[in-house]
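Coordinate analysis (summary)
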Amino acid sequence: QTVRWHIELQPWASPTPSLNYEASRFLKYISTSQISCEHMNLNSLKGYSETSKKPWSICLDERFSLIHRIRSKQCRLYSLGLGNDDNQFELSMANSGCEVHRFDPSIKSAHIQEGRHLWYHRLSIDWRDPNPAIAAHKLHSNTKKLGTVLNEFGHQKIDVLKADVESAEWKILENLILEDVVEQIGQLVFEVHIHWPGFEVSGNDSTVVRYWYSLLRELELKDFRLFHTYKDLSKPQMFLKKESFNASSCYTLSWVNTRWK
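Okay, so let's go over this structure. Treat the numbers as computed from the prediction; the structure is a model and nothing was measured.

1. Digging into the layout of surface pockets
- By volume, the largest pocket amounts to about 290 Å³.
- Trp 5, Trp 127, Glu 174, Asn 175 and Leu 178 are, among the 13 residues lining the largest pocket, the residues nearest its centre.
- With four residues, helix 6 (residues 169-178) is the largest single contributor of residues to the lining of the largest pocket.
- Classifying every residue of the lining of the largest pocket by side-chain character gives four nonpolar, two polar and seven charged.

See below:
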């Protein structure tokens, strides 16, 4: 299998590139569920209190594997964060018997185990592994690709990957797609930021939105289906630094891998 360096870009939304057309196509896409999910919260699981600041929706329908893996205490959650103190979702998943790994560069020690099922790792998940020459100078900056971490931890699969990484999500998602790591994941819950292009995403506004849209279409080609969208109205209503398109700067999107039964 050949390694891909770039994702396939979708055709432009209009005969000539236009931000209006790209934005309306993208926003419609992220606001439209592709599959229905009846059971999306953890209230049905013991030890769960609904105090999370935002809904991290996972699909607990019987036709998907997650609910069965939770019941048999075989599920695994990876949570990618950047100094966020809201860990209610992680705690509730750990309380329900899932093995939970939270990756955050702001954690005090390299690895901390808290309770039977919850681990904290002082690691930043990135879209590239560190350059050894540069890494020597930055002993404290520990960044790795998700595929590298999976190999090091000896984990074949992640039932849920949650990411709240302040605009690094687009390049991380691209890396997961290009390296086929996404196929090892059962459900994705990503906070996406659209007030600026994101780290290392270049091009003019219409090019950026076409890239975002193309990334999400690649997920669809890999049998991921969007089942929940949360539009965060507490954040500035900005789309690429413009107050337009009736968009929030931040959405939480949830997908299920329909290949995972």
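Anyway, onward from the coordinates.
2. Brief notes about the state of the cysteines
- Within the structure shown, the criterion is met by two disulfides.
- At a sulfur-sulfur separation of 2.1 Å, the disulfide partner of Cys 37 is Cys 59. What sets the handedness of the Cys 37 and Cys 59 disulfide is the S-S torsion sign, and at about 110° it is right-handed. You can see Cys 37 sitting in the loop between helix 1 (19-30) and helix 2 (65-71) and its partner Cys 59 sitting in the loop between helix 1 and helix 2, a full 22 residues away along the chain. Like Cys 59, Cys 37 is buried.
- Here Cys 75 engages in a disulfide with Cys 98; their sulfurs sit 1.6 Å apart.

3. Concerning the sheet that holds strand 10 (residues 250-257)
- Sheet architecture is open: eight strands sit in the order 3-4-2-1-7-8-10-9, paired in mixed fashion. The sheet is open, and its two edges are formed by strand 3 (111-114) and strand 9 (224-231), each paired on a single side. Between one strand axis and the next, the sheet turns through 15° on average, direction left out of account.
- Strand direction decides the pairing type here: strand 1 (residues 76-81) and strand 7 (residues 158-164), joined by five bridges, are parallel. Bridge pairing in strand 7 links Tyr 78 to Leu 161.
- Across the face of the sheet, helix 5 (residues 146-153) comes into contact with strand 1, strand 2 (99-103), strand 4 (118-121), strand 7 and strand 8 (185-193) while running at roughly 135° to strand 1.

Basis of the calculations
- Residues numbered from 1 in each chain as written.
- Predicted model: local features only at pLDDT ≥ 70, side-chain atom pairs only at ≥ 80, totals over all residues.
- Heavy atoms only, no water.
- 1 Å grid on protein atoms, 1.4 Å probe; cavity = no way out; pocket = protein on both sides within 12 Å on 5 of 7 lines; lining within 4 Å.
- Points joined across faces, edges and corners; volume = space filled by probe spheres on them.
- Helix = DSSP H or I, 4+ residues; strand = E, 2+ residues; numbered from the N terminus.
- Nonpolar A, V, L, I, M, F, W, Y, C, P; charged D, E, K, R; others polar.
- Disulfide = S-S within 2.5 Å.
- Buried < 20%, exposed > 50% of the residue type's maximum accessible area, 1.4 Å probe, protein only.
- Pairing = 2+ DSSP bridges.
- Axes fitted to C-alpha atoms, helices over the stretch in contact; angles between N-to-C directions.
- Contact = heavy atoms within 4.5 Å.

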